[in-house]
Amino acid sequence: MNTNPTHKKTPLPKWLRQVDQTEHAHFVIDAWLALDPHTQHTRLARLIAATVHGGASSALERFAATGILDAEAALTELNHVTVPLEREPWLDALGRYIITAERRS
């Protein structure tokens, strides 16, 4: 007779298994922009940069990862980013943040 209790693992609900960080980021960014379309908050700008950057070692990736912003390089990269139409406000918000970053420092 086996005296060890067996614990049956309860599987995660289907909806929870399908949630990924990309969709979560999309939700957070859209919600944040809906609350304050003119926000220039650094955390939001870094989250957007993390979502749209062109890859490792890019200016937007560096900003997203470290908070260090090379505004000229980031704007150049941002000008080449393509997103679905509903994500255009993200690029606008990030662009506003980058353009005004030097005035805030």
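Here the structure is a predicted model, which means the values were calculated and not measured.

*Asks:* Break down the side chain of Glu77 for me, citing the residues and quoting the values.
*Replies:* If you trace the backbone, Glu77 turns up in helix α5 (residues 71-78). Here Glu77 occupies a buried position and makes no salt bridge, while the nearest side chain of opposite charge, Arg62, is found at 11 Å. Reaching out from Glu77, the side chain makes a polar contact with the side chain of Ser58 at a distance of 3.1 Å. Beyond its immediate chain neighbours, meaning those up to four positions away, Glu77 contacts His53, Gly54, Ser58, Ala59 and Leu60.

*Asks:* So what about the environment of Arg43? Which residues, and what values?
*Replies:* Relative to the helices and strands, Arg43 is located in helix α3 (residues 42-52). Measuring from C-alpha to C-alpha, the distance between Arg43 and Ala64 comes to 8.7 Å, with 21 residues separating the pair along the chain.

*Asks:* Talk me through the pattern of salt bridges; I want residue IDs and the actual numbers.
*Replies:* Counted by the stated rule, this structure contains 1 salt bridge. Across the salt bridge formed by Asp30 and Arg87, the nearest N and O atoms sit 2.7 Å from each other. Placement of the pair is Asp30 in helix α2 (residues 21-35) and Arg87 in the loop between α5 and α6 (88-104), with a sequence separation of 57 residues. On the accessibility criterion, Arg87 (15% relative accessible area) is buried.

Parameters at a glance
- Residues numbered from 1 in each chain as written.
- Predicted model: local features only at pLDDT ≥ 70, side-chain atom pairs only at ≥ 80, totals over all residues.
- Heavy atoms only, no water.
- Helix = DSSP H or I, 4+ residues; strand = E, 2+ residues; numbered from the N terminus.
- Buried < 20%, exposed > 50% of the residue type's maximum accessible area, 1.4 Å probe, protein only.
- Lys, Arg positive; Asp, Glu negative; His and termini not counted.
- Salt bridge = Lys/Arg side-chain N within 4 Å of Asp/Glu carboxyl O.
- Polar contact = N/O pair within 3.5 Å; in protein donor to acceptor, adjacent residues only side chain to side chain.
- Contact = heavy atoms within 4.5 Å.

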